[in-house]
Structures are given as structure tokens and as C-alpha cells.
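Structure assessment
One-letter residues, chain by chain:
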Amino acid sequence: MIEPHVYQAIAEVVGPDFVSDDRATRECYSRDPHPSVTVRKMNKDFATVPDLVVLPSSTEEVQAVLRIANRYKVNVIPMGSGDNLTGVCIPKMARTMTMDLKRMDKVLEVDEENKTIRMQPWVSYARIQATCMKLGLWNGGTPAAPSSNNAVSNVLAYGGEYQTALAYGLGIRSLHSFTVVLPNGDIIRTGSHGMSREDPTYWYGPGPDLKGIWEMGAFGGLGVVTEVVWKLHSWPGGDWPIEEEYGHPPIPKNHRFYWYRFNKPEDCIKAAHALCYAGIGIGCNIPMRSVNAMCGETHLADSFKRYDEGYYENFWIYIITAGYSPRQLDYEEKVLLEIMKENNGEPLDEERRRKMDNYNFDGFRSGNFVRWARQGIYAITAFGRGPVEIMAGVHELQQSIVKQADKPVPSMNSTWPWYYAYDRGYWWVDERDLYGDQLDFARTMLPLVVQVIRSTPDNPSGYWTPNEPHGAWFGPQIGPNFHLMLRDMKKVLDPNDIMNPNTLVFVRPKGKKPAGQKEG
Amino acid sequence: MSEVKDATRDGLAGIVGAKSVFTEPEVLETYSRDQSFTPARKPNYVVKPKNLDELQSIVRLANEQLMPIIPYSSGTDFHGAAVPTQGGILVDLSQMNRITELSDLYWSVTVEPGVTFAQLQKEAAKKGLRVQVPLMTPPSASVLSTYLEREPVPGAADFIYGVEQIQTMRVVLPSGESFTLGNPAIEGGPHSHPFGPGLNFWRLFMCAQGTYGITYEMNLRLLPLPKVQKIFFSEFNNVGDAIAAMKQIQRQELGFECFILNSFDLATLVVNEDAATTKSLKNGTYVGLDGAKPWSPAQCQRFDALRQGLPPWTLVVSISAWARNPEEKVEYQELDLRDLAAASGFELKPSVGGITGLDKIIADEMVLPWRMQKRFGYKGTAHSLMFHATGDSIGLIEDALGQLAARYYYSAGDIGAYIQPVERARTFYCAFDLYSNPTDDNDMEKVNAFFNEASEMLINLGAFFDRPYGPWAEMMYRRNGNYAEYLKKIKAQLDPNNIMNPGKLCF
């Protein structure tokens, strides 16, 4: 419960219309398809429901609200677009306030000359692209996520697994600099942003760069990012093409899109490695066949049917090339065809290629990709990192655990991981997911998820992004010093541990524990 | 007379052996200064660990004895970062020089701090690979320190090959504990990237001058040696036009290594030296503690004649191909570049100033640069104003610097300039060099004053000194109060005894 005078103080900052302790409103902030959250909801764990929801509209309001929260020891969970699927925005203890940033949705400035966009945190990938592509610029990609996904919270949490990360790197590399408000109300601006809010000169320092402390899984555990400068890249695609037939958007101009299939995984892996190290293309990915089945079919029942029939296979590769001249596109196509021939790659037949037309849009902007979540219960078990050659090992490890389930597992859980090439193909992201097709299946899934995460030391690709349930993996296998460094940062930046407690960093002052957990 | 008991020296000798601990004044003297304006100060001890265990033990000992620690890699820093400010233990890491995990499958390598560019380039070449080297860096420089200090390479023009070449790092923290950043933080994880797991600590250790810990291992990206390469030059009368052309080239993502030199720096690059000098340049001994031996009058004349014949500004674009069908890649890029040049009104030439073999010189410098070190001999010492600036502010900066030079009776023509686009010209790294004679106190004092006033002026004009050496620290952190405050708070948490290179940055 939040005391009336605390409520009143917050209402005076944001206005009475933008703070709520209404039960129905708060309930909306307590759900997530991750099995850990689903199980908690089924167990009627009321700690999933925040005590308060607040919607600040500016850096100054965030600053004032955090000062109040820090003074009265109210926990704060900052929330972006609300499509996090790993439970990080769901309260774990009483006396928690969800800070919904949706009023901070302004694009403040596009600097065409220096290729940056300055914006507030609640700006989606779709907004950035709609704003910038017409100027011949874009942000370099989109994850396989809803287009409403907030770019800032996506890269801060997960790094931004763009489908075009081959050329533009993980999205996190596009984060230029930002303004972050600490729980005590102090404001830090990184890079040249620190000298002047408008200055886009450089994105590091001066000296040690503090920006990394809030990146890659801090989950609002160390402050609230209220403004960012984002790097843009050249976009040769011109105006976005009109989709005249639903599900079959055209490819943007000066881009080409190729789909190949392989009979043997080793051929697929060799081709993938060769494509990346040939230096061609802006995107090269091996998508999960479960996702292809979901995205390729309008109806869920058809997705299951076609998946089980083997219509959608493992070991399809799609490659996106972008050219600033036809000569470049032709050169890259020639290299691509050579590599496919050498490695027994076959162009996907016309019927199935047409099913994959959604990617013509989703490879850049994400539209129908959200279809993959239609099963209901969903858990990312890893965003591993490594060379494409370890793909088989990653798959086998997960499958060995899935087979131990005490109930039949929906067929789509037998898929190989999604492999995204990034950083010019030096390395690949392996995303492994588990699905459940009915709520009750969450109880079966949860121990599987925990077990997969606990298998991290045996995992050939490593693992970095902390998902729920965090306690399962932020353990000794990460190295005691990493854990201690996290705690050190928490002590410096959030000594009262009010920011999304028990999500990333386990600084548990005595008596402060998740609801339902015994002291000890 | 019995020898005075020295617990620190004895402790160090117990860790690394007495032969690797140095307290002789003449040895300490060689670690007391570099050619920069940084005031000289001798360390109390110099110690040369050979491995991680020894390094950790040294840091623990320093913590017990509250003794400052100054990490020192190759001695080619020209900005005072490894000059002690409070004495203490200088840890010379040159003996930690192993190269491991050199992979031609994944184009990567792991190096220790003592590994030099010359050493790594030789090993990498055996597998057809190369490490990218900043143009102004001597072959004897530490690869690890150079990358840690974020010095851009000519290929930084291309994204991803910018300053983010580090894949993973291992650091000895002030407590003496070892800390791994990136994927290998999970035991057995491949060296795939520096991010996480959870929080990107790697950026915290960059440009920290050893104040947060000592990086003792780094995994880096490499590139294949080019199979086909063509280098083009374009002449400009003013820097603004050169920047505008560079922006157009980068907007179309053409070329790999790209940069701009003024006539002073280009003349420095190509002016001939005698065989003995060339040898010292290549082995990295040309610049000593007090700078370099000033050029002879004859050499100065040759240099002057050369630069008079060069355009004020020269844009260099290198088209490199190392993968499949390299001839075809270079061919299409050349045609695209020529189309762009024709449409934009600049000319692409095989050379400038009638210099024969200029493309070959540049190609060599891309692999293992050494020629720019010659500039230290112009007067004896060189003092770089190194900063980032947006393209539209560089013309203003260059103009203002010239006007300020006149007030100090310093010839504007004696300012070297190297301008490096980073990430397709999103920003430009600039190095404007001032020169002084180290044997002339008045000259040193004048140029020092010019350097300091110019730094303040440039910051006000938009220059961002991201590597705040010496006086820049105060100038930059004064303008970033909260940022500095939190750097200090983190320092106090990680290094409560403030033993790690105290006195540097804002610490």
C-alpha cells in the first residue's frame, strides 16, 4: 500500500489524471506471457499487481517522482511499450509503482547532417523509421518484435537483435548517448550530450564511458532513461512501398531479398559462414521454422498443421542485400549464388517463398512478426552468442532438457534456434524459445526454462541476457566478480534499492524480499 | 652500512623475483616522463610481472600498503597517461606479451598488454590477416592499450570497424580480483562480444588510463590482408570542401579506409629520411623521453619544398577487397566513386603533388604505419590536439586555431592536421599537431600556453576531447559536473584506497 500523502505528492507532480491506484488499471500492468508470470497469476500472487501506476511526461517529472519514491522507499519499475515478454516489468514485491513512460513519446530532433535522432524513450521502431526513411536515413534494423516496440527499452534490455545486424551491428551499437535520471534525482548525460543536450558530436566519455552501465539488461534497475540520441544510417530504399495485397508487401527499392533451403544442416552452416565472411548483404539469418510457420500462415491452426507436416523446415536462410548502385547489388548477387552453389543451397520454391513475403516488410519494420506469439505462453530461454558452427550443440542441449518434460510438449518446441548474424558475421545470436499452447502448460514449462538457463555452463554459445527467473542464472557460473560488480553499481546508483528490485542485481537489504519468499 | 628495509620492494621481489623489481634512480628516471607537457615524476618502484598471478599479487600488495599503481604497456604514450602523479609502483606490462587464439576462421585474436602492433602484424600475416592500426601510432605501441584508448583506425570510416573492435576483455580490479567482460564471463563462452552478461562494463574501462583496473587480456577483431586495393586522392583548397566531399562518399558507404590530411601531414608522410632514422622509426625508438632529434636544416628544406607543392588538403579513399571476386568488388566501387565524384564536382587522382608511389606508401601505412612519427623531428616534440567534432564545425575550428596561432607568433602553416571520419562521417576524429623545441624553454612555454588556450577555445567551438589527458581532464569534467561526480563515486566503490593511477582524469 502507498500512503495517501505519497500518492498526493506524486499527483502534484504529474497531475491527478496521470497517477492511479485503481484496481482495474493496476491489473493491466501485472501480465506477461512468460511462464514465470503466468504461474504467479494462476497462483493468485497479488504482488504481481503494482500499488500505483504513474505516467510522467518529462525528465523533470521523472526526476520529481523518483525523488519522492526514494524518500518514501517505494519501489519503481519503469516501463516502455509494455511488450516485454520476460516478466521484467512485473512487480515482485509489495509497495511497487509502475512508471509507464508512454507520455514521453516525442521525436525532438532529426539531425540529417550528422545522422542522429534525438527523442524521448517511448518512441517505437516504426516511428523512428517513418520519420527517418523519407529523409534517406534509418536506424539500421528492427528486431523480430512488434513494430510498436520502443527502440530504447528494447536495446537497453536485450541489445536489439536486428534482422540486419549483419551490417549495422546489434541495436545497442546505435545508442549514441542518453539522459538518465537516478533515484536520488541526479541527472547524468553521457557522451557529448553531457556538454549540451543538442550536441551529437561523440558517443563516448569523456574518459570512461558510463553509458554501458544502463545497457543490456539493467531493466530500469539503475535509473530511468528519459532522452536519447540515436545513430542513423543511410537508407537507399526511398519511400516505403505500398502493400497492395495483404501479407505480400513488395521489397523496398535498391534492396534484394533471397531465400534458400538446405537438406543438410552442415551445408546451411557452411553457407552462412561463407556469406558473412564474404562481406556482402545487410542481413543474413536462419529463422526458426516455428516462426516461419506462424508468420507464413494467416490462421494458427494452419501454422500447426503445416509445421507438423514439415512444410516449414529447419535450415532456411534469408539474405537481404542493399545497394547504393545496381553494380553493387549485382556483385553481391553473383557472390551469393556462388556460395549457394558451393554449399548445395536451393532457392526456396515459389509457393513457400511467397509464404515468406511477410519478411519483405518485417525484415525492416516488423509487422506480422507478432504472429509468432499467438500460442500464448512463450519464454526466451537464451540469447546466446557464438559462431554459427555451434548451432547444432545449442539445439541439442535445449532438446535434451525439453524431452524431460512431464507432459507432452507442443510440437513447435522441437525447432532449431533462430540464428541472427551480427557485426558483419563475426558472430551470431542464437535465440531459443519455448512455447506453450494453453495457460496451464506454464506449470510444465517453467521448470524446463529454469533448467535450460541453469545449463549455461554447458552451453556452447554462452548466455548473457537475464530473463526470468533471474535467480536461476545469475549464479556462480557467471563468476563471482561479475556479480559483485553488479552489486557495486547498484550501491553507487541506487543505494536504497528502489529501482526494479530483485530483477537484475541482488542487493537485498534485510527484510526486503520478494513476496512469498521466506527470509533466509 | 646495512641496507634500509623496504617492505614494498621486498614484497614485490617476493612476487616477481628481485631481478624484475627496479629501484635504481637511472631506471626510475626512464619512467618519469614522456615528451608531453606532463610534469615529470619518478615512480618509487618499477616492476615487471610476467603473468596474471604476479599482476594480481602486485595489486593486492599495493592495496595493503596504500601505494599507487601506474600501469605501463609499451612506453609509446605521448600524453602523460603513464607518468606518475604521486609516485608509487609502476607496473611495466611489457613482459606480458603473449598472442593466443589467433583464428583465421573467425578473424580474431587474444593479446596481452605487452603485444605490439609490429609483433601482432607479423603473426597475423602468417594467416593472411591484419590488425587495423591507427595512422599516428608507432609499430612499437601496445595493441591492447591503443584499442583501450579508443584511438580510431583509418577503417573507422566504415561502421562496425570503428572504435568498437574489442570483443572481450579481462581486467584486474583494484581489489586484485580478476574480472571478465562479455560472453566469456560465463565459463567457456566464446569470445563473441563485449556486451554483458547484464550491463556493458567494457565501456567503463576504456580511456580510464588504468584508474578502474588493469586490462591484462583483450580479444580483438582482425581483418584479412587486402587482395586488391586501389587508393585515390582528391585535392581541396579548404577543409570545408574536403569534409563535404568526404560526407558524400560516406553517405553512399563507399571505400574502406578514408581520411583527410593537410599539406603538413602529407609532406611528413612522404619526406625521405636516412637509413638510420628510418630504422629507428620502424622499431619505435625514434621518439624518446624528451622527444625526437630535430631535423637537420637540409631535411627541413626538403620538407618545405615538398609541402609547397602539395594541395592544402588531400582526401584519401582506399577501396579494399579481401573476400570473393576482389577485382570485381574494387571495380564496381571505383565506378561508383567516379560517378559520385563527377556528379559532385571533385576529381579523383592517382597521386597529388607529383609524388610517385604515393598509393603504395599509403597502402603500407594501412598495414603498419610508422612514417607519421617523423613529425616529432620537425622541432623535437609534437603536441596533438585530439578531439571529435561534427563535420560542420571543423572549418570553424581550423580557422580559429589559425587565428590563435598568430597571437602566439606560431606559424599556422606549422600545424599538422589529420581528419578521420568515423562511422560513415557521423563524426570526425581530428588531430591538429603543434610543434616545439624541447631544448628551448621559451618555445616550450609558449607552445604549452598556446596548446592550453587552444584546447579551451576548441571545446567552446564544439570539439569533444573524449580522451581527457593532462589539462583536458579539468576542462572536460568542469563542463560535465554530474558525469564526473559519478565517475568518482564508482571509483570510490571499486578502488576505495584510490591506488589505481591516482591523479589522472577526475580522480
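Please read these numbers as outputs of a predicted model, since none were measured by experiment.

About the thresholds
- Residues numbered from 1 in each chain as written.
- Chains lettered and ligands numbered in written order.
- Predicted model: local features only at pLDDT ≥ 70, side-chain atom pairs only at ≥ 80, totals over all residues.
- Heavy atoms only, no water.
- Helix = DSSP H or I, 4+ residues; strand = E, 2+ residues; numbered from the N terminus.
- Rg over C-alpha atoms; globule rule 2.2 N^0.38 Å.
- Buried < 20%, exposed > 50% of the residue type's maximum accessible area, 1.4 Å probe, protein only.
- Areas by Shrake-Rupley, 256 points an atom, 1.4 Å probe, with all protein chains shown as cover.
- Lys, Arg positive; Asp, Glu negative; His and termini not counted.
- Charge placed at Lys NZ, Arg CZ, Asp CG, Glu CD.
- Salt bridge = Lys/Arg side-chain N within 4 Å of Asp/Glu carboxyl O.
- Axes fitted to C-alpha atoms, helices over the stretch in contact; angles between N-to-C directions.
- Parallel < 35°, antiparallel > 145°, perpendicular 65-115°, else oblique.
- Left-handed = near helix turned anticlockwise from the far one by under 90°.
- Contact = heavy atoms within 4.5 Å.
- Nonpolar A, V, L, I, M, F, W, Y, C, P; charged D, E, K, R; others polar.
- Buried area = accessible area lost by both parts, 1.4 Å probe.
- Polar contact = N/O pair within 3.5 Å; in protein donor to acceptor, adjacent residues only side chain to side chain.
- Arc of directions from axis to C-beta.
- Core = buried A, V, L, I, M, F, W, Y, C linked by side-chain atoms within 4.5 Å.
- Pairing = 2+ DSSP bridges.
- Domains from an automatic or database assignment.
- Phe/Tyr/Trp six-rings, centres within 6.5 Å; stacked < 30°, edge-to-face > 60°.
- Lys NZ or Arg CZ within 6 Å of the ring centre and 35° of its normal.

With that out of the way, let us pick up the overall build of chain B. If you tally the helices and strands in chain B, you get 16 helices and 17 strands. Radius of gyration (C-alpha) of chain B: 23 Å, near the 23 Å computed for a compact globule of 507 residues. Residues classed as buried in chain B amount to 65% of the 507 residues present. In the structure as shown, chain B presents an accessible area of about 17000 Å², 50% of it carried by carbon and sulfur atoms. Counting 47 positive and 58 negative side-chain charges, chain B places the centres of these two groups 2 Å from one another.

On to the pattern of salt bridges, then. Residue and element names in this part refer to chain B. On inspection of all chains with the given rule, the structure shows 69 salt bridges over all chains. Between Asp466 and Arg150 there is a salt bridge, and its shortest N-O distance comes to 2.8 Å. With Asp466 in the loop between helix 14 (441–460) and helix 15 (471–478) and Arg150 in the loop between helix 5 (143–148) and strand 8 (166–172), the pair connects residues that are 316 residues apart, well separated along the chain. Judged by relative accessible area, Asp466 falls into the buried class, the value being 2%. The partner of Arg426 in a salt bridge is Glu423, with the nearest N and O atoms 3.2 Å apart.

Let's shift gears to the packing of helix 9 (residues 289–296) of chain A against helix 10 (residues 300–309) of chain A. All names here are of chain A. The geometry of helix 9 relative to helix 10 is characterised by a closest axis approach of 8 Å and an angle of 140° between their N-to-C directions. One way to sum up the angle between helix 9 and helix 10 is to call them oblique. Regarding helix 9 and helix 10, the two cross each other, and that crossing is right-handed. Counting all contacts with helix 9, which are made through Arg289, Ser290, Ala293 and Met294, the residues of helix 10 involved are Leu300, Ser303 and Tyr307. Looking at the contact of helix 9 with helix 10 residue by residue, the classes come out as 4 nonpolar, 2 polar and 1 charged.

This paragraph deals with the interface of chain A and chain B. Residue-level contacts link 94 residues of chain A with 88 residues of chain B. Surface buried jointly by chain A and chain B totals about 8000 Å² across both partners, of which 59% is contributed by carbon and sulfur atoms. When the buried area of chain A at its contact with chain B is split by residue, Arg173, Tyr204 and Tyr426 of chain A rank highest and sum to 10% of it. Applying the counting criterion to the chain A and chain B interface returns 10 salt bridges. For Asp423 of chain A, the salt bridge goes to Arg221 of chain B, with nearest N and O atoms at 2.5 Å. Our enumeration of links across chain A and chain B arrives at 41 residue pairs in polar contact (both at pLDDT 80 or more). Of all the elements in the fold, those that place two or more residues in the side of chain A that touches chain B are helix 7 (165–168), strand 9 (187–189), strand 11 (233–234), helix 8 (265–277), helix 11 (326–342), strand 16 (377–386) and helix 16 (480–493) of chain A.

Attention shifts here to helix 1 (residues 7–16) of chain B. Residue and element names in this part refer to chain B. Residues Thr8, Leu12 and Val16 constitute the buried set of helix 1. Angularly, the buried residues of helix 1 cover 45° about the axis, an arc narrow enough to put them on a single face. In this structure Asp6 caps helix 1, since a side-chain oxygen of it lies 3.0 Å from the backbone nitrogen of Thr8.

The next thing to look at is the nonpolar core. Membership of the largest hydrophobic core comes to 273 residues, with the highest contact counts inside it found for Phe201, Phe205 and Leu385 of chain B. It is helix 8 of chain A that provides the largest number of residues to this core, a total of 8 residues. In this view, Phe205 of chain B contacts Met485 of chain A together with Leu148, Met169, Val171, Leu173, Phe179, Leu181, Tyr212 and Gly213 of chain B; residues no more than four positions away in its chain are not counted. Membership of the second largest hydrophobic core comes to 24 residues, among which are Ile10, Leu101, Ile187 and Ile498 of chain A.

Let's shift gears to the sheet that holds strand 4 (residues 89–92) of chain B. Residue and element names in this part refer to chain B. Strand order in the open sheet formed by 4 strands is 1-2-4-3, with mixed pairing between adjacent strands. Pairing within the sheet leaves two strands with one partner each, and these edge strands are strand 1 (21–22) and strand 3 (69–72). Those strands touched by helix 1 are strand 1, strand 2 (45–47) and strand 4, and its axis lies near 5° from that of strand 2. The sheet strands contacting helix 3 (residues 52–65) are strand 2, strand 3 and strand 4, and the helix crosses strand 4 at an angle near 170°.

A word on the pairing of strand 10 (residues 214–221) of chain B. Residues and elements named next belong to chain B. For strand 10, the buried fraction is high: 8 of the 8 residues fall into the buried class. In terms of strand pairing, strand 6 (residues 108–111) meets strand 10 through 4 bridges, oriented antiparallel. By the bridge assignment, Ser108 is partnered in strand 10 with Arg221. Taken together, the 6 bridges between strand 8 and strand 10 define a ladder with antiparallel strand orientation. Paired with Arg170 across the two strands is Glu217, which belongs to strand 10.

In this section: unusual backbone geometry. All names here are of chain A. Of the consecutive residues Gly205 and Pro206, the connecting peptide bond is found in the cis state with omega at 10°. The phi dihedral of Asp423 is positive, around 50°, even though this residue is not glycine. Secondary-structure assignment places Asp423 in the loop between strand 17 (418–422) and strand 18 (427–436). When its relative accessible area of 0% is taken as the criterion, Asp423 is described as buried.

Moving on to the domain arrangement of chain A. Residue and element names in this part refer to chain A. Assigned domains of chain A: these are domain 1 (107–234), domain 2 (255–369) and domain 3 (376–472). Once you take the C-alpha centre of each, domain 2 and domain 3 turn out to be 22 Å apart. Taken together, the contact pairs 28 residues of domain 2 with 21 residues of domain 3. Carbon and sulfur atoms supply 65% of the area buried between domain 2 and domain 3, which totals about 2100 Å² over both sides. Among the residues domain 2 hides against domain 3, the three largest losses belong to Ile269, Ile286 and Met288. Together they make up 29% of the total. Viewed at the interface, domain 3 and domain 2 are joined by 12 residue pairs in polar contact (both at pLDDT 80 or more). For the side of domain 2 that touches domain 3, the secondary structure elements donating two or more residues are helix 8, strand 13 (283–286), helix 9 and helix 10. Tallying contributions element by element places helix 8 first for the side of domain 2 that touches domain 3, with 6 residues. Of the residues belonging to the side of domain 2 that touches domain 3, the class tally is 19 nonpolar, 7 polar and 2 charged.

All names here are of chain B. For Glu151, the position within the fold is in the loop between helix 5 and strand 8. There is a polar contact of 3.4 Å between the side chain of Glu151 and the side chain of Arg467. Once you skip the residues sitting within four places of it in the chain, Glu151 turns out to touch Pro134, Met136, Thr137, Thr146, Val163, Tyr429 and Arg467.

All right, on to the packing of aromatic side chains then. Within this structure, the stated rule accounts for 54 aromatic pairs over all chains. Taking the centre distance of 5.6 Å and the plane angle of 50° together, the rings of Phe387 of chain B and Phe465 of chain B count as tilted. With a gap of 78 residues between them, Phe387 of chain B in strand 15 (residues 381–389) and Phe465 of chain B in the loop between helix 14 and helix 15 connect regions that are remote in the sequence. A relative accessible area of 0% means that Phe465 of chain B is categorised as buried. Against the face of Tyr204 of chain A rests Lys211 of chain A, its NZ or CZ located 5.1 Å from the ring centre.

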